[in-house]
Amino acid sequence: MIKEIGLRPHYTDSDYFFKKLALGIPGVLFTYWKSADAKTHKYLFVSDQVSDILGLDPDILRENADSMFLTVHPEQIEGVEASIEESATALKSWWYQARMKVRAGHYEWFEAQGTPERQVDGSMVWYGQLHNIQHYKDLECTLRAREAESSFQADFQKLIAKLSTQFINLSFGTIDQCINELLKAIGGFFGVDRAYLYEFSQDHRVMDNTHEWCSEGVPALIDSQRNVPTEDFDWWQCKIDEMVSGNRVIFVEEIEQIPAGPERTMLEEQGVCSMFCVPVRVRGVVTGFFGVDSIRKRIWREDQADLLIIVSSLLSGALERHRLERELLNQSIRDPLTKLHNRRYLMPRLHEMLSRASRYEEHFTLAMFDLDRFKHINDSVGHLGGDACLRSFAEVLLEQTREADVVARFGGEEFVVAFSGLNAAGVRRIVSRILCAVRNHEFDLEDHTVPLTVSAGIADISELDEFPASPDPLIRLADDRLYAAKQAGRDCLVDALGVSRI
């Protein structure tokens, strides 16, 4: 038979925004900043949960971090400060466990972890999370309450606790590895033949097999299950809609009981005999499903759906945290107006390119662009019109440059492109093409077109007498040549050969 098992409704905040990025994570997301002389520190961002958990005012922490450190138990504050200093010195991930005074007034154990980044001015920033270690034992406690004397439940508790720990300590960029390890562990524990994770398209009419584990001797399906349209799968599309709208688990006890159709034929060809599919939610929305297959008839546990729901919840939490971290990172390195990278992203990339040029003689060139008479544009069409011109120019830059090039908004109406692996003539051709594209582009604002041109200055790393300690000399050279292009009448480029008009 085919069973549909309802889940309890999940709370979602339809007005999800930045201050609620930590929603669903039992902890505090933060961006901690410490000055180069270590005399000043504060939280550039701290989620509002810090008030509920520790009784601290987020606004005060954004001005001064002292009150956060005052909650640490006196016996452990020295170790916390030493661990932060060690992280800053070695530029390695920060991790520490300490007792902290909670809102109720007593001490509880917390774990803090963060990724350090040294700023251009020598200050340090950590992107991390603080959480109460006890919160991650909730799944284990729930299972213990249900079946305290069951050896199976005890083993499952241990497995979930182990997987939870792995996800707690998940570092940025390792989500795929952790999901694959979870599928292998769950597949082996329940003795199934396949365990997998699918992701839906936004309209839920395409499903993509992103992760899969197969037991020994069972053929993998992931390569044939990428971006599979489901419009012709009438029965399965109905089940997808039920997972999405009703948050239901789909249990197919015998494939033969599925109505004849393309989905049944496909499952039979795959050798599937029975299966469970559990919706996976991110931000309260079903984004895919986690499932297990058996290629032979078997008797499933009566509480199998409940156990798989717990695994799905673990996956949901990990995927939500991963998405939040990506959004936080993306917001910190992207210009909100043009969506290009900003200086925060550009400068480390230039340092890397400078290092590779010094060590491996890898060539790179910097081009700086500035929209001509931009103040006049703002005065004539308003700042919103000026913003539209900046966005359109950013699109032109992305269209005319390569994926390997670093394109960034430097500030105001100034933009920078770092070219690697191109000689001077190649860079000049691309920059000339950009100037022509801007001149010929129709910058339409409401009922009229704004004429727009751009000037450019180009500086090559080989032009410097010696490799500098920072990209600043190269930036200054490009900026000086940009100024020279302005002085030469605008709508032109200046490089080592002088002024070039297109």
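Structure report, in brief.

Another point: the environment of Ile222. Structurally, the position occupied by Ile222 is in the loop between strand 8 (206–214) and strand 9 (228–229). Sequence spacing of Ile222 and Glu212 is 10 residues, and the spatial spacing of their C-alpha atoms is 6.4 Å. Excluding residues within four positions of it along the chain, Ile222 makes contact with Asn209, Thr210, His211 and Glu212.

Here helix 4 (residues 77–90) contains 14 residues, and its C-alpha end-to-end distance of 20 Å stays within 8% of the 20 Å for a straight helix at 1.5 Å per residue. All of the buried residues in helix 4 are Val80, Ser83, Ile84, Ser87 and Ala88. All buried residues of helix 4 lie within an arc of 135° about the axis, which places them on one face of the element. For helix 4, the exposed residues lying more than 90 degrees away from the buried face are Glu78 and Thr89. Of the surrounding secondary structure, the elements contacted by the buried residues of helix 4 are strand 2 (27–34), helix 3 (66–70), strand 4 (94–101), strand 5 (107–118) and strand 6 (124–132). In the segment just after helix 4, Leu91 is the residue with positive phi, at about 50°.

This part is about the pairing of strand 12 (residues 285–294). Side-chain direction in a regular strand flips from residue to residue, so the side chains alternate between the two faces of the sheet. In terms of burial, strand 12 is a largely internal element, nine of the 10 residues being buried. Relative to strand 12, strand 7 (residues 194–200) is paired through six bridges, and the arrangement is antiparallel. Its bridge partner lying in strand 12, Arg194 is registered against Asp293. The pairing of strand 11 (residues 274–282) with strand 12 spans nine bridges and is classified as antiparallel. Note on strand 12: the bridge partner recorded for Arg281 is Val286. The turn linking strand 11 back onto strand 12 is made up of two residues, and Arg283 within it adopts a positive phi angle of 60°.

A word on the sheet that holds strand 20 (residues 498–500). Within a sheet, each strand pairs with its neighbour through backbone hydrogen bonds, oriented either parallel or antiparallel. Spatially, the six strands line up as an open sheet ordered 14-15-13-18-19-20, and their pairing is mixed. Where the open sheet ends on each side, the last strands, each with one partner, are strand 14 (406–411) and strand 20. For this sheet the average axis-to-axis angle between neighbouring strands, irrespective of direction, equals 20°. Here strand 14 runs beside strand 15 (residues 414–420); their pairing, made up of five bridges, is antiparallel. Opposite Gly411, over in strand 15, you have Glu414 as the bridge partner. Packing of helix 11 (residues 343–360) onto the sheet brings it into contact with strand 13 (364–371), strand 14 and strand 15, and relative to strand 14 it is tilted by some 125°.

Counting residues in hydrophobic clusters, the biggest one holds 34 residues, and the most contacted among them are Phe369, Phe393, Leu397, Phe419, Val431 and Val438. For this core, the secondary-structure elements that each account for two or more residues are strand 13, helix 12 (374–400), strand 15, helix 13 (424–440), strand 16 (443–445) and strand 18 (454–460). Considering every element that reaches this core, the biggest residue donor is helix 12, with nine residues. Excluding residues within four positions of it along the chain, Phe393 makes contact with Phe369, Leu371, Phe415, Ile434, Val438, Phe443 and Val454.

This part is about the side chain of Arg481. The topology assignment puts Arg481 in helix 14 (residues 472–487). There is a polar contact of 2.5 Å between the side chain of Arg481 and the side chain of Glu463.

Glancing now at the environment of Ala367. Turning to its location among the elements, Ala367 is positioned in strand 13. In this structure, the C-alpha to C-alpha distance between Ala367 and Phe419, residues 52 residues apart in sequence, is 7.9 Å.

Turning our eyes to something else, we now look at the sheet that holds strand 3 (residues 41–46). What the five strands build is an open sheet, ordered 3-2-6-5-4; its pairing is antiparallel. Of all strands in the sheet, those bounded by a partner on one side alone are strand 3 and strand 4. Adjacent strand axes in the sheet meet at a mean angle of 30°, parallel and antiparallel pairs treated alike. Note that strand 5 and strand 6 share nine bridges and pair antiparallel. By the bridge assignment, Glu117 is partnered in strand 6 with Val125.

Turning our eyes to something else, we now look at helix 13. Taking 1.5 Å as the rise per residue, helix 13 with 17 residues should run 24 Å; its terminal C-alpha atoms sit 24 Å apart, in good agreement. Buried within helix 13 we find Gly426, Val427, Arg428, Ile430, Val431, Ser432, Ile434, Leu435, Ala437 and Val438.

Quick look at the pattern of salt bridges now. Applying the stated criterion to the full structure yields 21 salt bridges. Notably, a salt bridge pairs Arg62 with Asp48, separated by 3.7 Å at the nearest N-O pair. Here Arg62 is found in the loop between helix 2 (58–61) and helix 3, whereas its partner Asp48 is found in the loop between strand 3 and helix 1 (49–54), with 14 residues between them in sequence. Looking at Asp48, the relative accessible area reads 27%, which means it is partly exposed.

Further remarks concern unusual backbone geometry. Of note in this structure, Lys339 is not a glycine but carries a positive phi near 70°. Mapping Lys339 onto the fold places it in the loop between helix 10 (304–333) and helix 11. Positive phi, close to 50°, is recorded for Arg373, a residue that is not glycine. Along the polypeptide, Arg373 turns up in the loop between strand 13 and helix 12.

Conventions we followed
- Residues numbered from 1 in each chain as written.
- Predicted model: local features only at pLDDT ≥ 70, side-chain atom pairs only at ≥ 80, totals over all residues.
- Heavy atoms only, no water.
- Helix = DSSP H or I, 4+ residues; strand = E, 2+ residues; numbered from the N terminus.
- Contact = heavy atoms within 4.5 Å.
- Expected span 1.5 Å × (residues − 1).
- Buried < 20%, exposed > 50% of the residue type's maximum accessible area, 1.4 Å probe, protein only.
- Arc of directions from axis to C-beta.
- Pairing = 2+ DSSP bridges.
- Axes fitted to C-alpha atoms, helices over the stretch in contact; angles between N-to-C directions.
- Core = buried A, V, L, I, M, F, W, Y, C linked by side-chain atoms within 4.5 Å.
- Polar contact = N/O pair within 3.5 Å; in protein donor to acceptor, adjacent residues only side chain to side chain.
- Salt bridge = Lys/Arg side-chain N within 4 Å of Asp/Glu carboxyl O.

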